[in-house]
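Results of the structural survey
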Amino acid sequence: MDRFLLNYHPPPPPSAKRAKTEEDKRKQQRQYDKEVRVCEYLPKWGTEFLWLRFSAKTGMTCSICSAVDEMGPFVAGCKNYKKSTIIGHEKSESHQVNVKTYNAKLDPSKSDMARAVGAQNKLQIYRLGLQFRNVHALSKKDRPYTDYAMFCDSDW
């Protein structure tokens, strides 16, 4: 019936319209980000991410990474003002290592190394206590000092 109408042109078949690929969508999004979107630093990010510092000259920097590391995008300054960039830095392995290092410098007693040394010291104190008890037992029982090795072997 449509063919009898004057100046009517049927729509093209659905297969003639090309579907956008993922790459086309990414290109379009990048073009939009470059030309249309205006990204700027939002002050609320400073309260949400306590390590984040902002300077109009350098952009966003990470106070923790700047204190520990000498290189990195958030040490020199980052002007990619997107929350996803900040979250990506927060989850990055280098930032996580720098946070551990920074916290260890602030309170050395809570670092992994301090806990390992503390556990080693407890073990040595326990063993030294056993040795003193063995010496005390030898002297109380009037045993010769050559029995000391036998007493110590029974403890381990």
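Summary of the structure given here. (Residues numbered from 1 in each chain as written. Predicted model: local features only at pLDDT ≥ 70, side-chain atom pairs only at ≥ 80, totals over all residues. Heavy atoms only, no water.)

**A word on the overall build of the chain**
Check the secondary structure of the chain and you find eight helices and two strands. Along the chain, helices (α) and strands (β) appear in the sequence α-α-β-β-α-α-α-α-α-α when read from the amino end. A compact globule built from 156 residues would reach a C-alpha radius of gyration of about 15 Å, whereas the chain, at 35 Å, exceeds it by more than 25%. Taken along the three principal axes of its C-alpha coordinates, the chain extends 125 × 50 × 25 Å. Within the span of the chain, comprising 156 residues, buried residues form 16% of the whole. Intrachain contacts of the chain at a sequence separation of at least 6 include 38% that bridge at least 24 residues. Surface exposure of the chain reaches about 12900 Å², of which carbon and sulfur atoms provide 58%. For the chain, the distance from the average position of its 27 positive side-chain charges to the average position of its 18 negative side-chain charges is 5 Å. (Helix = DSSP H or I, 4+ residues; strand = E, 2+ residues; numbered from the N terminus. Rg over C-alpha atoms; globule rule 2.2 N^0.38 Å. Buried < 20%, exposed > 50% of the residue type's maximum accessible area, 1.4 Å probe, protein only. Contact = heavy atoms within 4.5 Å. Areas by Shrake-Rupley, 256 points an atom, 1.4 Å probe, with all protein chains shown as cover. Lys, Arg positive; Asp, Glu negative; His and termini not counted. Charge placed at Lys NZ, Arg CZ, Asp CG, Glu CD.)

**Comments concerning the packing of aromatic side chains**
Any two aromatic rings considered together are summarised by their centre-to-centre distance and by the angle between their planes. As enumerated under the stated definition, the model contains five aromatic pairs in all. Seen from their ring centres, Tyr41 and Phe54 are 4.2 Å apart, and the 5° between their planes marks the pair as stacked. With Tyr41 in the loop between helix 1 (22–35) and helix 2 (44–48) and Phe54 in strand 1 (residues 52–55), this residue pair connects regions lying 13 residues apart in the sequence. Seen from their ring centres, Trp51 and Phe74 are 6.2 Å apart, and the 75° between their planes marks the pair as edge-to-face. Taken as a pair, Trp51 in the loop between helix 2 and strand 1 and Phe74 in helix 4 (residues 73–76) lie far apart in primary sequence, 23 residues in all. By relative accessible area, which is 8% here, Trp51 ends up buried. Overall, Phe74 belongs to the buried group, its relative accessible area being 3%. (Phe/Tyr/Trp six-rings, centres within 6.5 Å; stacked < 30°, edge-to-face > 60°.)

**Re the pairing of strand 1**
Relative to strand 2 (residues 59–62), strand 1 is paired through four bridges, and the arrangement is antiparallel. By the bridge assignment for strand 2, Ser55 is matched with Gly59. Linking strand 1 to strand 2, which pair antiparallel, is a turn of three residues. (Pairing = 2+ DSSP bridges.)

**A word on the pattern of salt bridges**
Tallied over the full model, the rule gives three salt bridges. A salt bridge links Glu22 to Lys25, with the shortest nitrogen-to-oxygen separation between them at 3.9 Å. A residue pair is termed a helical-turn pair when its members lie 3 or 4 positions apart in one helix, as Glu22 and Lys25 do in helix 1 at three residues. Of the charged contacts, one joins Asp147 and Arg143 as a salt bridge, the two residues approaching to 2.6 Å between their closest N and O atoms. Given the relative accessible area of 13%, Asp147 is considered buried. Residue classification places Arg143 among the partly exposed positions, given a relative accessible area of 44%. (Salt bridge = Lys/Arg side-chain N within 4 Å of Asp/Glu carboxyl O.)

**Details of the packing of helix 5 (residues 83–91) against helix 6 (residues 93–106)**
Look at helix 5 against helix 6: their axes get within 5 Å of each other, and the N-to-C directions meet at 55°. With respect to their mutual orientation, helix 5 and helix 6 come out oblique. Counting all contacts with helix 5, which are made through His89, Glu90 and Lys91, the residues of helix 6 involved are Glu93, His95 and Gln96. Its residues assigned to classes, the contact of helix 5 with helix 6 shows no nonpolar, three polar and three charged. (Axes fitted to C-alpha atoms, helices over the stretch in contact; angles between N-to-C directions. Parallel < 35°, antiparallel > 145°, perpendicular 65-115°, else oblique. Nonpolar A, V, L, I, M, F, W, Y, C, P; charged D, E, K, R; others polar.)

**A look at the side chain of Thr85**
Its place among the elements puts Thr85 in helix 5. Taking relative accessible area as the criterion, Thr85 reaches 18% and is therefore assigned buried. Those residues within four positions of Thr85 in sequence are excluded, and the remaining contacts are Phe74, Cys78 and Asn80.

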